[in-house]
Structures are given as structure tokens and as C-alpha cells.
Amino acid sequence: MDYVNGLFLGYLPYIALTAFLIGVLYHFFVSNKTIHATSTQFLEKDWLIKWGSPLFHYGIILVFFGHVFGLFTPPFVIEWFMPLETKRMLAISIGLCAGFFAFIGLSLLCIRKFVSSRVHSTSSFQDYFIVFLILVQISLGLLSTYITTQSTLADYLAFDYWAQGLVWFEPNAWKHILEANIIYKLHIVNGFFIFMIFPYTKLMHMIKAPVMYMFRGNKMFDSSKTLIDKL
Ligand code: HEM
């Protein structure tokens, strides 16, 4: 069992992040493929997308920053500002709200994919697969945070020590979360799987749209093409 835990919680993060980085660089400098994160708003502009899209996007952006600050800020730095227990309470309350928004938003977008025949017929297998993975990921994340509400501060901080241990290449970092509930572990493994396939999917628009926007020059205002055409 130690072997499996070491593989998934110790080595997988490095494998996944290397695959992610190579994929992103390859995409930018070698293949330079167009990303088809095609908007479907022109097909049907209904309340499902009107509410689903902002709820999902704002929710998931908040979750993203929560993960970065939550996992990678060393506990001694947190303690300059607040007790660690306060950080745990903030992570639970803000995390649950943001995760819940993202979940509701993505569920509305999913329903739209099925109830609108025009959106359904323009969606590929890859679209459904990614949406499914993210929905599973958010559900596992929300369950993990629920488990955090029932566990101790030390159990919660173990994830910070693990993540920060990985950054410093500590060979035994994975042992911090060896005893963690399987739901957390499934969340982490599925999360790194999403990272690995990220550069080969339409999720790349998350990186490419802001980067292209920064280096766009005036040509970006050429009204004959949309932003997505230029990516
Ligand atoms: C791959 C690296 C990831 C790691 C190590 C990770 C770790 C965690 C941990 C430890 C929690 C529980 C936080 C707590 O107890 O308060 C959590 C919660 C959560 N995660 Fe992740 N996660 C990862 C990726 C993702 C991804 C890619 C998504 C979304 C697509 C996601 C969505 C969520 C959500 C919605 C929650 C619950 C709300 C929150 O606490 O923010 N996670 N994650």
C-alpha cells in the first residue's frame, strides 16, 4: 500500500506537472494549434448559460486562488496574520461557497448541453469527458472540505506540509497525508490527471486567452476576427 501511496501522492505530482509544462510549451512553440473553445452563445442564449457560465467561472477562479494560497502559504507566514484555526475556518467557509457556485454553474451548463439539441449536436465526446471529469473533481473537493469540517487542525495542515514538501523536493512529503481519507486522495489523483490532459483539451483557453490578450498589439482590435479566431 505504501508503494501505491508513494506513487500517486509522491511521484504523480511531478509527472503530471512535467507533462503539463511540456504540453503547454509544445502547444505554444511547436504545434500552435487553434483551440476550439467555441462559444455556443450564438446558438441559444438562455437562462441556463446566463446563470451557469458566471457561476461556474467565478466559482472556479475563487477555488483556484483558494488552492494556491491555502496549500502553498507556509503556516508560519499565516500565523503573522491569523491563528491557523481561523485559516481553516476561512478555507472551509469560502471554499464551500466557491465550490458550491462552481458546482451549480457547471450543472446548469451540463443540463443545457442535454436539453438544447443544437448545443448537444455541436458538442464532441471530448467536451462531455472534460465536463464529467471537472464535475467529479468539484464533487470530490466539496466532499473533502466536508470531511475537513469533521477532522482536526493537524489533519487539515497535513495537506499544506505535503504540498510545500513537494515544492522543496522532500522525498517523504507524501507520508504527511498517508492516513488521509480516500476521498482526498481520489480528489488529488483526479486533479493531477486533469493537469496532464489539460494542454490537449479546450481547457487551454484558460492559459492562452489571457496570454494572447497581453501580447495582442493593436491588431486585436481588427473587428473582422474574434479573439478565439486569433488564438
Ligand atoms: C491537483 C491538485 C489538487 C489538489 C492537491 C487539491 C487539494 C484539495 C484539498 C486538500 C481540498 C480540501 C480543502 C479543505 O479541506 O478545505 C480541496 C478542495 C476542493 N478542490 Fe481541490 N485540489 C486539486 C485540484 C483541484 C481541481 C483541478 C479542482 C477543480 C476543477 C478542484 C476543486 C476543488 C473544490 C471545488 C474543493 C472544495 C472547495 C474548496 O475547498 O475550495 N481541486 N482540494
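Definitions and cut-offs
Residues numbered from 1 in each chain as written. Predicted model: local features only at pLDDT ≥ 70, side-chain atom pairs only at ≥ 80, totals over all residues. Helix = DSSP H or I, 4+ residues; strand = E, 2+ residues; numbered from the N terminus. Buried ≥ 20, exposed ≤ 12 C-beta atoms within 10 Å, placed from the backbone. Contact = placed C-beta atoms within 7 Å. Near = placed C-beta within 6 Å. Expected span 1.5 Å × (residues − 1). Arc of directions from axis to C-beta. Core = buried A, V, L, I, M, F, W, Y, C linked by C-beta atoms within 7 Å. Axes fitted to C-alpha atoms, helices over the stretch in contact; angles between N-to-C directions. Parallel < 35°, antiparallel > 145°, perpendicular 65-115°, else oblique. Left-handed = near helix turned anticlockwise from the far one by under 90°. Nonpolar A, V, L, I, M, F, W, Y, C, P; charged D, E, K, R; others polar. pLDDT = per-residue confidence, 0-100.

Caption draft 1: How the structure looks around the overall build of the protein. Tallying secondary structure elements over the protein gives ten helices and zero strands in all. Listing every helix and strand of the protein by position from the N terminus yields α-α-α-α-α-α-α-α-α-α. For the protein, buried positions account for 19% of its 231 residues. For the protein, the proportion of contacts with a sequence separation of at least 24, taken over those separated by at least 6, is 81%.

Caption draft 2: Highlighting the site of the ligand. What surrounds the ligand is a group of 27 residues, the closest being Gly95, Gly99, Gly141, Thr148 and Gly191. Where the shell around the ligand is concerned, the elements lending two or more residues are α2 (47-72), α4 (84-115), α6 (125-150), α7 (153-167) and α8 (182-197). No other element matches α6, which puts eight residues into the shell around the ligand.

Caption draft 3: Inspection of α4 at higher detail. Under the 1.5 Å per step criterion, the end-to-end length of α4 is 46 Å for 32 residues, consistent within 8% with the ideal 46 Å. Every buried residue belonging to α4 is among Lys87, Arg88, Gly95, Ala98, Gly99, Phe101, Ala102, Phe103, Gly105, Leu106, Leu109 and Arg112, and all of these are buried.

Caption draft 4: Focus on α8. The first and last C-alpha atoms of α8 sit 23 Å apart over 16 residues, in line with the 22 Å expected at 1.5 Å per residue. If you check which residues of α8 are buried, you get Tyr184, His187 and Ile188. Projected onto a plane normal to the axis of α8, the buried residues spread over an arc of 95° and lie on a single side. Check the buried side of α8 and you find it contacts α1 (2-31) and α6.

Caption draft 5: How the structure looks around the nonpolar core. Ranked by internal contacts, the top residues of the largest apolar core, which has 13 residues, are Phe56, Ala102, Leu106 and Leu109. Those elements that provide at least two residues to this core are α2 and α4. If you look at the next biggest cluster of nonpolar residues, it comprises nine residues, including Trp174, Ile177, Ala180 and Ile188.

Caption draft 6: Quick look at the packing of α4 against α7. Two elements in contact, α4 and α7, have axes separated by 11 Å at closest approach and are oriented at 80°. Taken together, the axes of α4 and α7 are roughly perpendicular relative to one another. Of the residues in α7, those touching α4 at Leu84, Glu85 and Arg88 are Leu153, Tyr156 and Leu157.

Caption draft 7: Spatial organisation of the packing of α1 against α8. At a minimum axis distance of 8 Å, the contact between α1 and α8 shows a crossing angle of 20°. Classed by the angle they form, the pair α1 and α8 counts as roughly parallel. Between α1 and α8 lies a crossing of left-handed hand. Each of Phe8, Leu9, Leu12, Pro13, Ala16, Leu17, Ala19 and Phe20 in α1 lies in contact with α8, whose residues at this interface are Lys185, Ile188, Val189, Phe192, Phe195 and Met196. Taken together, the residues that form the contact of α1 with α8 break down as 13 nonpolar, no polar and one charged.

Caption draft 8: How the structure looks around the confidence of the model for the protein. With 85% of its residues at a pLDDT of at least 70, the protein reaches an overall mean of 88. Per-element confidence in the protein is highest for α7, whose mean pLDDT is 98, and lowest for helix α10 (residues 227-230), whose mean pLDDT is 44. Residue range residues 220-231 is modelled with pLDDT below 50. Its contacts to residues more than four positions away, or to other chains, number eleven contacts.

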